[in-house]
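As a plain string of letters, each chain reads:
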Amino acid sequence: MLNKLNKTLVSDLMQADYLTLSPDMSLSQALKLLCESGASHGMVKDQSRLIGVLSHQEILRGLWSAEFDSSNQACVRDLMQTQLTTVSCCQPLAQLLETWVVDRQKLFPVNDMASLICSGYQSYEERLRLAGSELPELLPVVEEDKLLGVLTRQQLGSWVATQMS
């Protein structure tokens, strides 16, 4: 399995067809597009450059907030996530899998000097259970500031499942 993960690249799995949202689009328009397409996230682009990602959660939070403040007419630009984790199309899946599902700092709580940085003993199993990565479900695939596609944790999981059978 590890051999296949090392030989397969993000570009082999990424989805090149993704939903694009305009930064000036209203939240209701964005929600309608997300629902119609079945997408979980919309990529917010300025020409070909990725500037943000917007999910159902951000849209619903903005629409909920508008109920309490009618002067708040937020648009996609106002609520999109701009601190993005992206991946390269040339990255091997083995490398991506590790960073996407495991927070190494939680699993191996040592600093650069190999000194323990947590208090109390925890078995490997306990640390592994708590070491889930906080990276998002969807990662944009970007090369030289150009959005090439997206990859979801579900796509990676489905690929791993097919490799195991």
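These numbers come from a predicted model, not from an experiment.

Asker: Help me out: how do you make sense of the overall build of the chain in this one?
Answerer: Of the regular secondary structure elements, the chain holds nine helices and five strands. N-terminal to C-terminal, the α/β element order of the chain is α-α-β-α-β-β-α-α-α-α-α-β-β-α. For the chain, the spread of C-alpha atoms along the three principal axes comes to 55 × 40 × 30 Å. Counting only residues that meet the buried cut, the chain has 35% of its 165 residues in that class. For the chain, the proportion of contacts with a sequence separation of at least 24, taken over those separated by at least 6, is 66%. With the model as given, the accessible surface of the chain reaches about 10,200 Å², and the carbon-plus-sulfur share is 51%. On the chain, the mean spot of the 13 positive side-chain charges and the mean spot of the 19 negative ones are 5 Å from each other.

Asker: Help me out: how do you make sense of the side chain of Thr152 in this one?
Answerer: Its place among the elements puts Thr152 in strand β5 (residues 146–152). Given the relative accessible area of 15%, Thr152 is considered buried. Not counting residues within four places of it along the chain, the set of residues in contact with Thr152 comprises Trp100, Glu137 and Leu138.

Asker: Looking at this structure, how should I read the pattern of salt bridges?
Answerer: When their charged atoms lie close together, side chains carrying opposite charge are able to pair. This structure, assessed with the given rule, holds three salt bridges. The salt bridge involving Asp24 is made with Arg77; its shortest N-O contact spans 3.2 Å. Placement of Asp24 in the loop between β1 (20–21) and α3 (27–37) and of Arg77 in helix α5 (residues 76–79) is noted, with a sequence separation of 53 residues between them. Among the residues examined, Arg77 registers a relative accessible area of 41% and is labelled partly exposed.

Calculation rules
Residues numbered from 1 in each chain as written. Predicted model: local features only at pLDDT ≥ 70, side-chain atom pairs only at ≥ 80, totals over all residues. Heavy atoms only, no water. Helix = DSSP H or I, 4+ residues; strand = E, 2+ residues; numbered from the N terminus. Buried < 20%, exposed > 50% of the residue type's maximum accessible area, 1.4 Å probe, protein only. Contact = heavy atoms within 4.5 Å. Areas by Shrake-Rupley, 256 points an atom, 1.4 Å probe, with all protein chains shown as cover. Lys, Arg positive; Asp, Glu negative; His and termini not counted. Charge placed at Lys NZ, Arg CZ, Asp CG, Glu CD. Salt bridge = Lys/Arg side-chain N within 4 Å of Asp/Glu carboxyl O.

By themselves, these figures tell us nothing about what the structure is for.
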